[in-house]
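What the coordinates show
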Amino acid sequence: MIYPVTVFGDPVLRKKAEPITKDFPNLKEFVQNMFDTMYNSDGVGLAAPQVGQAIRIFVIDSTTDEEEEDEVPGIKRAFINPEILEKKGDEWVMNEGCLSLPEIREDVSRPETVKIKYNDEDFNEYIEEFSGFTSRVIQHEYDHLEGVMFVDYLNPLKKRILKSKLTAISKGKVIPKYRIKVPGK
Ligand code: NI
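Residues numbered from 1 in each chain as written. Predicted model: local features only at pLDDT ≥ 70, side-chain atom pairs only at ≥ 80, totals over all residues. Heavy atoms only, no water.

1. Here's the deal with the packing of aromatic side chains
Formally: For Phe, Tyr and Trp, where Trp contributes only its six-membered ring, two rings pair if their centres lie within 6.5 Å, and the inter-plane angle classes them as stacked under 30 degrees, edge-to-face over 60, or tilted in between. Numbering of helices and strands runs from the N terminus; a helix is a DSSP stretch of H or I covering at least four residues, while a strand is a stretch of E covering at least two. For the exposure calls, accessible area comes from a 1.4 Å probe over protein chains only, and a residue counts as buried if that area is under 20% of its type's maximum, exposed if over 50%, partly exposed in between. Two thresholds decide whether a charge sits over a ring: the Lys NZ or Arg CZ must be within 6 Å of the ring centre and within 35 degrees of the ring normal.
Enumeration according to the criterion identifies seven aromatic pairs in this entry. Arranged with centres 4.8 Å apart and planes meeting at 25°, the rings of Phe58 and Phe79 form a pair that is stacked. Taken together, the residues span a long stretch of sequence, with Phe58 in strand S3 (residues 57-61) and Phe79 in strand S4 (residues 76-96) at a distance of 21 residues. For the pair formed by Phe58 and Phe79, the shared burial category is buried. Centre to centre, the rings of Phe79 and Phe130 are 6.1 Å apart; their planes meet at 75°, and the pair counts as edge-to-face. A residue pair is termed long-range when its members are at least 10 positions apart, and Phe79 in strand S4 and Phe130 in strand S6 (residues 125-130) qualify at 51 residues. A residue is classified by how much of its surface remains accessible, and Phe79, at 0% relative accessible area, is buried. Members of the aromatic cluster, each reached through a chain of ring pairs, are Phe58, Phe79, Tyr118, Tyr126 and Phe130. For Lys76, the ring lying beneath its charged end belongs to Phe35, and the centroid distance is 4.9 Å. Over the face of the ring belonging to Trp92 we find Arg136, whose NZ or CZ atom lies 4.3 Å from the ring centre.

Encoded structure:
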């Protein structure tokens, strides 16, 4: 099942998402639907608030990266109740986009490596480090669970330039190829 994607202006994107418990109903189905929704909109990552749920789940597929020749191959994975333990390494800039910010792409600087604790769909716990493009996608999606979007990192001038575009998105005037849920509707 493909969910509509929440866009800029929806309050769920600004909430701090809550952890889920082991008895969360139909977790595997929800995760599969998140993957389906992500692929349907050609995304490389999707966080639960982007489908209207303020819970700590995101999915990523960084195996499709064609821009960078990373030494490490990408991953396709769901992160349940993730917790970033450490960010380290030099910051590098990448032009980012977001399914909740259709038609906006901006350069964002983030640290190279992330150390993260998370559970899989069976609630097995892992602590792992990721670098390169995978780390980039994880940091972007993790931000969504904290109510943060990449436009928050832009300087005041760039924010000012983007303001009318963001307003248009929040009013449902920017229509991407995938289904969206317009705030308040
Ligand atoms: Ni995003």
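2. Description of the coordination of the nickel ion
What counts here: The donor set covers N, O and S atoms within 2.8 Å of the metal, switching to 3.2 Å for Na, K and Ca, and it leaves out water, so a site may look short of donors.
Donor atoms from the polypeptide that coordinate the nickel ion comprise Cys98 (SG), His140 (NE2) and His144 (NE2), at 2.1 to 2.2 Å from the metal. Taken in sequence order, the residues that donate to the nickel ion follow the motif C-x41-H-x3-H. On the criterion of sequence distance, the pair formed by Cys98 in the loop between S4 and strand S5 (106-119) and His144 in helix H2 (residues 132-145) is long-range, its members being 46 residues apart. According to the relative accessible area criterion, Cys98 is buried, its value standing at 11%.

3. Description of the nonpolar core
Heads up, the condition is: In this text, buried Ala, Val, Leu, Ile, Met, Phe, Trp, Tyr and Cys residues form a nonpolar core when linked through side-chain atoms within 4.5 Å. Note on contacts: a residue pair qualifies if any of its non-hydrogen atoms lie within 4.5 Å across the two residues.
Ranked by size, the top nonpolar core spans 38 residues in total, and within it Met34, Ile57, Leu101 and Val151 carry the most contacts. Those elements that provide at least two residues to this core are helix H1 (27-40), S3, S4 and helix H3 (156-170). The element best represented in this core is H1, accounting for six residues. Among all residues touching Val151, those that are not within four sequence positions of it are Phe8, Leu101, Ile104, Lys159 and Leu162.

4. Thoughts on the sheet that holds S6
We apply this condition: When DSSP finds two or more bridges between a pair of strands, those strands are recorded as paired. Lines fitted to C-alpha atoms define the axes, with helix axes restricted to the stretch in contact, and inter-axis angles between N-to-C directions lie between 0 and 180 degrees.
Spatial ordering of the open sheet is given by S2-S3-S4-S5-S6, a layout of five strands whose pairing is antiparallel. A single partner strand is all that each edge strand has here, and the edge strands are strand S2 (45-47) and S6. Averaged over all pairs of adjacent strands, the angle between strand axes in this sheet comes to 30°, irrespective of strand direction. Taken together, the three bridges between S2 and S3 define a ladder with antiparallel strand orientation.

5. Here's the deal with the pairing of S5
In terms of strand pairing, S4 meets S5 through 12 bridges, oriented antiparallel. Looking at S5, one finds that Trp92 is bridged to Arg110. Note that S5 and S6 share six bridges and pair antiparallel. Its bridge partner being in S6, Ile116 is matched across the sheet by Glu128. Between the antiparallel neighbours S5 and S6 lie five residues, among them Phe123 with a positive phi of about 65°.

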